[in-house]
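Fold and contact review
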Amino acid sequence: LFDGVYPFYPQQRKAAVFDIRTIIVIVVILVLACSFLLIIPGIRGRARLYWTLRVLLSLFVGVVIVVVQFTGDWETGWVQANTSYKSFSPVQVNVDIGLHIGLAGVNVTLRGNPVNQINETINYNEHFPWNFGADYDRSYSEGLEKGLPSPILYVAEKFSTQSPCAVHRQYRIAGHYTSAMLWVAFCTWIISNILFSMPVLVYGGYMLLVTGAFMIFSLLSFSTVRNSPICLIQIGTRTLHVAYGGSFWLMLAIGLLCFVAGITIVAMHHLNLDLLKAFFDLREDKAEEYQEMPEVFVNPHFVNKDL
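Thresholds, definitions, all that
Residues numbered from 1 in each chain as written. Predicted model: local features only at pLDDT ≥ 70, side-chain atom pairs only at ≥ 80, totals over all residues. Heavy atoms only, no water. UniProt positions renumbered as here; feature names shortened; annotations may be inferred. Helix = DSSP H or I, 4+ residues; strand = E, 2+ residues; numbered from the N terminus. Buried < 20%, exposed > 50% of the residue type's maximum accessible area, 1.4 Å probe, protein only. Arc of directions from axis to C-beta. Contact = heavy atoms within 4.5 Å. Pairing = 2+ DSSP bridges. Axes fitted to C-alpha atoms, helices over the stretch in contact; angles between N-to-C directions. Phe/Tyr/Trp six-rings, centres within 6.5 Å; stacked < 30°, edge-to-face > 60°. Lys NZ or Arg CZ within 6 Å of the ring centre and 35° of its normal.

Brief notes about the UniProt feature "transmembrane region" (unreviewed entry) in the chain
Here the UniProt feature "transmembrane region" (unreviewed entry) sits at residues 20-39, 51-71, 91-110, 177-196, 202-222 and 242-267. From the first C-alpha to the last, residues 20-39 spans 30 Å; its make-up is 100% helix and 0% strand.

In structure tokens, the structure reads:
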């Protein structure tokens, strides 16, 4: 016992709000975006709008591809229930229990209604990793040693390797291949930007199509977890159900956006190349394009000498 109570935390844990890696990626992209905005006044005419649209849209696609690698809302679920708070205790608490599944692990959130109950602050958010190089069962055992609340341990146990649900291996492999395909999509996104700056516009459009294809492949890879039998998570008299979360739908939207942009660029290359060059600020002046000869002034003195 810890001061006469069960061995829970001496100080209450605070719920995590943001992942540090996500903040770093967002800050880097914001620095690049702000640096570009500083040179916007130096671009004249309608090209200023085109440059702003292209750069900000490209940066948005890149930051989404990287950030979703670290988010924990590929699948989410919430349930409100009355349940026991501590092991070997008949005390019931009213809580919101959240399950957030990402590519690298699962987060279990426990929040009281109200937060202060039974002389304690009930506000937990615990992460259990399953990515390659991490030991999920060890993390779960450490949670047992810490004395985490019973609802958190119950939900986390469903994803352990010893659980009858048998979903640990499926989620781990699906998350691994989804992450790998997203990194490939990030590389093709970089190549597309290089091709646009060379400029080789049609090949940049093709690489945008490849980027969108790998995004869709990553979603299909993660969706394979649905092939496993769904294990019910019963909390008191309520059942916790999970559905695709914000990261999944955001990646689907960005993948479709890359498809639309790639198809548009390739179509404009074959149908209206001048409009495509104007959008990428590559349109040449007519005098230079056709190499027109300016008006020539001849000195009569040299004409009289037959020169």
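Read on, since the account is not over.
A few points about helix α3 (residues 136-146)
Where α3 is concerned, the buried positions are Y136, S139, Y140 and G143. Across the axial projection of α3, the buried residues extend over an arc of 100°, all falling on one side. Looking at α3, the residues exposed on the side facing more than 90 degrees away from the buried face are R138 and E145. Structurally, α3 contributes buried residues whose contacts are with β3 (105-117), β4 (120-129), α4 (150-157) and α5 (168-197). Just downstream of α3 lies G147, where phi reads positive at about 85°.

Some remarks on the sheet that holds strand β7 (residues 243-244)
Ordered by their spatial adjacency, 5 strands build an open sheet running β4-β3-β2-β1-β7, and the pairing between neighbours is antiparallel. With partners counted over all chains shown, the strands left at the sheet margins are β4 and β7, one partner each. Direction of pairing for strand β1 (residues 75-84) relative to β7: antiparallel, over a ladder of 2 bridges. Note on β7: the bridge partner recorded for T76 is A243. Packing against the sheet, α4 makes contact with β1, β2 (92-101), β3 and β4, and its axis sits at approximately 160° to β3.

Things to note about the packing of aromatic side chains
The relative placement of two aromatic rings is captured by the distance of their centres and the angle of their planes. With the rule as written, the count across this model stands at 14 aromatic pairs. By way of ring pairs, the aromatic residues W74, F222, Y244, F248 and W249 are connected into one cluster. When the ring centre of W51 is taken as origin, the NZ or CZ atom of R54, which lies over that ring, is 4.6 Å away.

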